[in-house]
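# Overview (structure and organization)
Chain by chain, the residues run as shown.
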Amino acid sequence: MNVLLCPLNDPGYLYPTLAVGRELRHRGHTVHVLAGPPAMAAVTAAGLGTAAVTDGTTLSVAHWTVRGPGQYTAVAQAVRRLRPDVLVTSVLCHGALVAAEAADLPVVVLGLAAHLWPYRAGPADACGRAWRLAETLKHYAAVREGAGLTPRRDRFPDTPLLGTAFLLRGHPVMEVPDAELPPAVRHVGPCWWEPQPSAAEPLPDSMPLAYVHLGRTFGGTSLWPRLNAAFTSGTHRAVVELGRSGAPEAAADADLIVGRRRWMGPLVDRAELVLTNATSAPVLAALLHGKPLLVAPNGSEQQVLAAGCLRAGVARRFPEPGSPAPDLRAAIDDAARDPELRARVEEVGGLLADGKSETRAADAVESAAR
């Protein structure tokens with residue numbers, strides 16, 4: 001079988017797709033990865049072949065609302081050149097979905113840790129699912145119209161976004177109880193992979209560590225004022241991953257080590273807890289390493305995933321903006337030392353770390369191609 005991976009090239013989307021690609025290659029399939037310059041090093045580290053995209057923004061999640069036409073062109077050209085039997089792409093990579101439809105190819109979509117859009121049935125959870133779906137479909141429809149495809153007539157509006165199979169990287173315990181997922185959607189688990197660091201990052205060992213992963217604010221509230229207060233004269237030092245957030249705003253006297261890294265696992269393993277806006281990669285890393293979570297969501301997937309973590313009992317909510325510094329420091333200490341929270345994290349983390357997620361995902365790709 002010939003497989004073309006065309007994920008968004010940001011680590012949170014790229015790395016799990018590479019994990020699936022590595023399993024497919026292990027099974028004897030031919031695997032190529034559509035990759036721009038920022039992704040080339042990771043693809044090489046994963047031992048997979050590349051199909052190059054010269055513009056690094058084409059497959060960037062930061063530009064997903066405007067780069068769909070470029071994605072479509074890049075994927076369509078790779079399909080003509082490589083003649084794959086199946087595509088594997090990321091949620092929000094609409095150009096790949098449209099290219100698969102235009103070429104009459106099956107496409108497997110690797111999603112996030114929780115379902116973002118409305119359920120087929122079940123209780124509502126006030127996380128804006130209908131609005132999020134409408135906005136996503138608006139951008140998808142623009143790509144499809146630009147490709148000249150005839151209008152679809154789907155019973156459910158989310159059908160074109162789900163592909164042949166849509167794979168969630170979390171666990172059902174993080175979904176709304178009694179909610180019914182669309183038939184194409186299934187949970188496979190984290191599909192965890194990341195490049196190995198070249199060397200262990202030197203960190204002071206005089207204080208316990210908290211790992212902090214910043215997401216985009218989406219017009220919401222920056223975590224920096226709370227981080228500066230929580231980690232000044234407190235019990236923990238924070239290692240802060242900037243991710244796709246803006247410039248750092250660390251106070252000079254705060255116990256913060258700030259940077260951008262291509263990996264997080266070793267730091268999460270050394271930390272006592274994980275503080276995050278609640279995006280998929282740091283949440284899954286925390287659970288896989290048995291670390292309690294503090295969540296402070298803003299927009300996009302953050303509200304959905306934070307709600308799922310709180311519902312599953314693996315997280316506490318970080319105090320709101322304007323909270324006194326002692327309350328912020330107490331939240332760090334309480335999350336790190338709460339035995340019931342840690343026990344639940346280890347329980348859910350064990351469900352995720354069963355070692356079969358790449359196997360289940362690769363099975364889904366093979367089934368889609370039949």
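The structure reproduced in this document is the subject of the present report. (Residues numbered from 1 in each chain as written. Predicted model: local features only at pLDDT ≥ 70, side-chain atom pairs only at ≥ 80, totals over all residues. Heavy atoms only, no water.)

## Observations concerning the overall build of the protein chain
In terms of regular secondary structure, the protein chain is built from 13 helices and 13 strands. Taken over C-alpha atoms, the radius of gyration comes to 20 Å for the protein chain, in line with the 21 Å a tight globule of 370 residues would show. The principal-axis extents of the C-alpha atoms in the protein chain amount to approximately 60 × 45 × 35 Å. Burial analysis of the protein chain (370 residues in total) assigns 55% to the buried set. Taking all contacts inside the protein chain whose residues are at least 6 apart in sequence as the whole, residues at least 24 apart take part in 66%. Carbon and sulfur atoms provide 52% of the accessible area of the protein chain, an area that totals close to 14900 Å². Averaging the locations of the 36 positively and 36 negatively charged side chains of the protein chain gives two centres separated by 5 Å. (Helix = DSSP H or I, 4+ residues; strand = E, 2+ residues; numbered from the N terminus. Rg over C-alpha atoms; globule rule 2.2 N^0.38 Å. Buried < 20%, exposed > 50% of the residue type's maximum accessible area, 1.4 Å probe, protein only. Contact = heavy atoms within 4.5 Å. Areas by Shrake-Rupley, 256 points an atom, 1.4 Å probe, with all protein chains shown as cover. Lys, Arg positive; Asp, Glu negative; His and termini not counted. Charge placed at Lys NZ, Arg CZ, Asp CG, Glu CD.)

## Points about the packing of helix 4 (residues 94-102) against helix 5 (residues 129-146)
Orientation of helix 4 relative to helix 5, taken along the N-to-C sense of each, is 50 degrees, at an axis distance of 9 Å. Classed by the angle they form, the pair helix 4 and helix 5 counts as oblique. Handedness of the crossing formed by helix 4 with helix 5: right-handed. Packed against helix 4, whose contacting residues are H94, G95, L97, V98 and E101, the element helix 5 presents T136, H139, Y140, V143 and R144 at the interface. (Axes fitted to C-alpha atoms, helices over the stretch in contact; angles between N-to-C directions. Parallel < 35°, antiparallel > 145°, perpendicular 65-115°, else oblique. Left-handed = near helix turned anticlockwise from the far one by under 90°.)

## Structural notes on the nonpolar core
Side chains of a nonpolar character, in soluble globular proteins, are inclined to be buried together. Counting 97 residues, the largest nonpolar core has L34, L87, F231, L287, L293 and F318 as the members making the most contacts within it. Sorting elements by how many residues they give to this core places helix 9 (residues 280-288) first, with 6 residues. Among residues more than four places away in sequence, those in contact with F318 are L223, R226, A230, L275, L294, V295, A296, L328, A331 and I332. With 30 residues, the next largest nonpolar core counts V43, A46, A362 and A368 among its residues. (Core = buried A, V, L, I, M, F, W, Y, C linked by side-chain atoms within 4.5 Å.)

## Focus on helix 5
When the terminal C-alpha atoms of helix 5 are compared, their 26 Å separation across 18 residues agrees well with the 26 Å that a helix rising 1.5 Å per residue should span. For helix 5, the full list of buried residues reads R129, R132, L133, T136, L137, H139, Y140, V143 and R144. Contact partners of the buried residues in helix 5: helix 3 (68-82), helix 4, helix 6 (159-162) and helix 10 (301-312). Within two residues after helix 5, G148 carries a phi angle of roughly 80 degrees, on the positive side. (Expected span 1.5 Å × (residues − 1).)

## Structural notes on the environment of V86
With respect to the element layout, V86 can be found in strand 4 (residues 86-90). Taking the relative accessible area as the measure of exposure, V86 reaches 0% and is therefore buried. Considering only alpha carbons, one finds V86 and M1, 85 residues apart in sequence, at a separation of 8.2 Å. Beyond its immediate stretch of four places on either side in the chain, V86 contacts M1, N2, V3, L4, P106, V365, A368 and A369.

## Structural notes on the side chain of H187
Inspection of the secondary structure assignment puts H187 in strand 7 (residues 185-187). Polar contacts involving the side chain of H187 include one to the side chain of E175, which spans 3.2 Å. Contact partners of H187, with chain neighbours within four places excluded, come to L168, G170, H171, P172, E175, L181 and R360. (Polar contact = N/O pair within 3.5 Å; in protein donor to acceptor, adjacent residues only side chain to side chain.)

## Concerning the sheet that holds strand 3 (residues 49-52)
One open sheet accounts for 7 strands, arranged 3-2-1-4-5-6-7; its pairing is parallel. Every interior strand has two partners, whereas the edge strands, strand 3 and strand 7, have only one. Between one strand axis and the next, the sheet turns through 25 degrees on average, direction left out of account. Of the strand pairs in this sheet, strand 6 (residues 165-168) and strand 7 are connected by 3 bridges, and their pairing is parallel. Among the inter-strand pairings, L168 is bridged to a residue of strand 7, identified as H187. The sheet contacts of helix 1 (residues 11-26) involve strand 1 (2-6), strand 2 (30-35), strand 4 and strand 5 (107-110), and relative to strand 2 the element is tilted by about 165 degrees. Against the sheet, helix 4 makes contact with strand 1, strand 4 and strand 5, and its axis sits at roughly 160 degrees relative to strand 4, the strand it touches most. (Pairing = 2+ DSSP bridges.)

## Some remarks on the sheet that holds strand 12 (residues 293-295)
Strands sit in the order 10-9-8-11-12-13 across an open sheet of 6 strands; the sheet is parallel. Of all strands in the sheet, those bounded by a partner on one side alone are strand 10 (256-259) and strand 13 (315-317). Here the strands of the sheet are splayed against their neighbours by 20 degrees on average, with no regard to which way each runs. Direction of pairing for strand 8 (residues 209-213) relative to strand 9 (residues 237-241): parallel, over a ladder of 5 bridges. In the strand pairing of strand 9, V212 is matched with V240. With respect to the sheet, helix 11 (residues 325-337) is in contact with strand 11 (273-276) and strand 12, its orientation differing from that of strand 11 by roughly 135 degrees.

## Remarks on unusual backbone geometry
The phi dihedral of D104 falls on the positive side, at around 55 degrees, and the residue is not glycine. Among the secondary structure elements, D104 is positioned in the loop between helix 4 and strand 5. Note on D104: relative accessible area 68%, which makes it exposed. Look at S233: it is not a glycine, yet its phi comes out positive at around 60 degrees. The residue S233 is located in the loop between helix 7 (224-230) and strand 9 in this model.

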